[in-house]
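# Topology and contacts: notes
Here's the letter readout for the chains.
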Amino acid sequence: MTRSTAQPKQTRAKPSKAKPQTEATPTDAAFDAAAAAYEQAGDMFQLITPDGTITGAGELPDPETRLRLYHQMRRARHFDERGWVLYRQGRLGVFPPFGGMEASQVGTAAALSADDWLFPTYRDTGAALTLGLPIARTLAYWRTSPHGWAMPENLKVLPFYIPIATQYPHAVGAALAEKRKGTKNVAMAYIGDGGSSEGDFHEALNFAGALEAPCVFILQNNGWAISVPTRTQTKATNLSRRAEGYGIPGVRVDGNDVLATYHVTREAVERARRGEGPTLIETVTYRVKPHTVADDPSRYRTDADNEGWDAKDPVLRLRTHLLSEGIMTEESEAALLKEVADEFEAALKEADAYPDPEPAEILDHVFAEPTPQLRRQREQILSEEKA
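Everything quoted here is computed from the prediction, not taken from an experiment.

## Observations concerning the nonpolar core
Ranked by internal contacts, the top residues of the largest apolar core, which has 63 residues, are Leu118, Leu139 and Leu318. In terms of residue count, the dominant contributor to this core is helix 9 (residues 258–273) (8 residues). Counting residues in each nonpolar core, the second largest holds 24 residues, with Phe119, Val172, Ala175 and Ala243 among its members.

## Overview of the packing of aromatic side chains
The final tally for this structure, using the stated rule, is 11 aromatic pairs. Where Tyr168 meets Phe217, the ring centres are 4.7 Å apart and the plane angle is 35°; that geometry is what we call tilted. Of this pair, Tyr168 sits in helix 6 (residues 167–181) while Phe217 sits in strand 4 (residues 215–221), and the two are 49 residues apart along the sequence. For the pair Tyr168 and Phe217, one class covers both residues: buried. Ring plane angle 10° and centroid distance 4.9 Å describe the contact between Tyr286 and Trp309, whose orientation is recorded as stacked. Placement of Tyr286 in the loop between strand 8 (279–284) and helix 10 (303–306) and of Trp309 in the loop between helix 10 and helix 11 (314–324) is noted, with a sequence separation of 23 residues between them. An aromatic cluster is defined as three or more aromatic residues linked by ring pairs; in this entry it consists of Phe95, Tyr141, Trp142 and Phe160.

## A look at the side chain of Thr234
Tracing the chain through its elements places Thr234 in the loop between helix 8 (230–233) and strand 7 (250–254). For Thr234, a relative accessible area of 11% corresponds to the buried category. For Thr234, the side chain forms a polar contact with the side chain of Arg242, separated by 3.0 Å. Each residue touching Thr234, except ones within four places of it in the same chain, is listed here: Leu239 and Arg242.

## Here we look at helix 9
Residues spaced three or four apart along an α-helix face the same direction, because each turn holds 3.6 residues. In this model, helix 9 (16 residues) spans 22 Å end to end at C-alpha, consistent with the 22 Å of a helix rising 1.5 Å per residue. Buried residues dominate helix 9, accounting for 13 of its 16 residues. Where helix 9 begins, one side-chain oxygen reaches toward the backbone nitrogen of Leu259, 3.1 Å away; that side chain belongs to Asp257.

## Here we look at the confidence of the model for the chain
Here the chain averages 89 in pLDDT, and 89% of its residues register 70 or above. Counting contacts from residues 1–27, a segment whose pLDDT is below 50, to residues more than four positions away or on other chains yields 60 contacts.

## Looking at the sheet that holds strand 1 (residues 44–45)
The 6 strands lie next to each other as 1-7-8-4-3-2, forming an open sheet whose pairing is parallel. Here the strands that pair on one side only, and so sit at the sheet edges, are strand 1 and strand 2 (117–119). By the bridge criterion, 6 bridges tie strand 4 to strand 8 in an arrangement that is parallel. Opposite Gln220, over in strand 8, you have Thr283 as the bridge partner. The sheet contacts of helix 3 (residues 102–109) involve strand 3 (187–192), strand 4 and strand 8, and relative to strand 3 the element is tilted by about 165°. Running over the sheet, helix 7 (residues 199–211) touches strand 3, strand 4 and strand 8 and is turned about 150° from strand 4.

What counts, and where the lines are drawn
Residues numbered from 1 in each chain as written. Predicted model: local features only at pLDDT ≥ 70, side-chain atom pairs only at ≥ 80, totals over all residues. Heavy atoms only, no water. Core = buried A, V, L, I, M, F, W, Y, C linked by side-chain atoms within 4.5 Å. Buried < 20%, exposed > 50% of the residue type's maximum accessible area, 1.4 Å probe, protein only. Helix = DSSP H or I, 4+ residues; strand = E, 2+ residues; numbered from the N terminus. Phe/Tyr/Trp six-rings, centres within 6.5 Å; stacked < 30°, edge-to-face > 60°. Polar contact = N/O pair within 3.5 Å; in protein donor to acceptor, adjacent residues only side chain to side chain. Contact = heavy atoms within 4.5 Å. Expected span 1.5 Å × (residues − 1). pLDDT = per-residue confidence, 0-100. Pairing = 2+ DSSP bridges. Axes fitted to C-alpha atoms, helices over the stretch in contact; angles between N-to-C directions.

Have a look at this one:
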């Protein structure tokens, strides 16, 4: 991957370090040693520090792009925050929050075009919204309504994957299909640090590397695989280096710096479009919220685990930068936030107006053309309803 000759200041994300309540055992010591190695792992690309200071001015996107990224991060955060309220009101089902990971999701998805493919995990609502998934359809999805089951025909976003890591081989297949058709379109797939220990992860990288698939693999290292910290489920301290085993480039980026994330992802996308094959990008971030809105993270992590991450908030980081550079004013930000809130409320009103699903709709969108078995099942449901 192309890099500037002027190297930005490198910072390391602090790993989660739970303080043992009893005398340290050899296993605890091993965890601490792995965590310390994680802190010292190098090559984490960064453009702005948590206080908004520029560390790599030559790499910054233009002001218009920076504002666009901020707008998208605010849209994503607003969805996440309102989603919590709707869940408590009984107006949204259980969904995985992603607050604090906006830079990782927006910065990667923003590098795609509408002709590219997006294969999200269950936590990547922010990425899907960035590429163009309508808010109303997204709300319907997390309400388990059929109105959210089918993606818009002009948008190559797959439904949110609940199984772990299965989206990686699927993305390789889509990328190879685009390559065979002779297009310049790419496929982007997301995974978490826990998912990177699944067999599908390794099979996909090997498959993509061997066949030079135009694929960009996003590995969001958010510190936790549900209740298991990264340091426990693997001894690897730089997950981007796993790319070396498959002969493809790997890059590690500050996943709370949207400008850096956007920069390295755009390079990977352009590389794939040129026919130079896949790239693995590890975005180092943190899951500050629970695994889902029904989760209680206090049962498995401590205040020490979370320490310091609020100061690395990706939205506030870019906000500080934009205000200090004069790219945004408090007045223009207020107008932007109002636009974001109004857009969400209009989408919520649209989602509330969707008709209640009919039982037979569960069979829709399974196949492009219904199979004989599906037709028989539909007839049976309809006859039972009539009876």
